[in-house]
Amino acid sequence: MSDASTTTLFLADLPRDLREADMIALCQQLEGYTTCRLRSDRNENFVGFVEFASKEFAERAMERLQGYKFDPMHSRGIAA
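Described below are features of the structure shown in this document. (Residues numbered from 1 in each chain as written. Predicted model: local features only at pLDDT ≥ 70, side-chain atom pairs only at ≥ 80, totals over all residues. Heavy atoms only, no water.)

## A word on the pattern of salt bridges
(1) Moving on: Throughout the structure, instances matching the rule amount to five salt bridges.
(2) Moving on: A salt bridge links Asp13 to Arg76, with the nearest nitrogen and oxygen atoms 2.6 Å apart. In this pair, Asp13 sits in the loop between strand E1 (8-11) and helix H1 (20-27) while Arg76 sits in the segment after helix H2 (55-65), placing the two residues 63 residues apart along the sequence.
(3) Moving on: Taking the relative accessible area as the measure of exposure, Asp13 reaches 27% and is therefore partly exposed.
(4) Moving on: Lys55 is paired through a salt bridge with Glu59; the nearest N and O atoms lie 3.8 Å apart. Here the residue Lys55 and the residue Glu59 both occupy positions in helix H2, the gap between them amounting to four residues, near one helical turn. (Salt bridge = Lys/Arg side-chain N within 4 Å of Asp/Glu carboxyl O. Helix = DSSP H or I, 4+ residues; strand = E, 2+ residues; numbered from the N terminus. Buried < 20%, exposed > 50% of the residue type's maximum accessible area, 1.4 Å probe, protein only.)

Encoded structure:
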């Protein structure tokens, strides 16, 4: 989160086989969640954008998601 007032989290280092339904299921558990999108970057890696109702909810979600692993076999966790 670069802008001090943003309510959107940018997520990188997502698994290549991640399904959008799995991302939604994870994010729906987070307080203040409103929506999320999964996209491919120019290198065909998945990135996510997660919207929250407030900056405070987004900051709490960032702390919770940082390093989260969808799959223990995936070498790195999410970069939030």
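Additional details are given in the paragraphs that follow.
## Some details on the packing of aromatic side chains
Any aromatic ring pair is given by two values, namely how distant the centres are and how the planes are angled relative to each other.
(1) Moving on: Counted under the stated rule, the structure contains two aromatic pairs.
(2) Moving on: When the ring of Tyr68 is compared with that of Phe70, the centres are 5.3 Å apart and the planes differ by 90 degrees; the resulting orientation is edge-to-face.
(3) Moving on: We classify Tyr68 as partly exposed; its relative accessible area is 34%.
(4) Moving on: Among the residues examined, Phe70 registers a relative accessible area of 24% and is labelled partly exposed. (Phe/Tyr/Trp six-rings, centres within 6.5 Å; stacked < 30°, edge-to-face > 60°.)

## Thoughts on the environment of Asp22
(1) Moving on: Position of Asp22 among the secondary structure elements: in helix H1.
(2) Moving on: Separated by 48 residues in the primary sequence, Asp22 and Phe70 place their C-alpha atoms 8.5 Å from one another.

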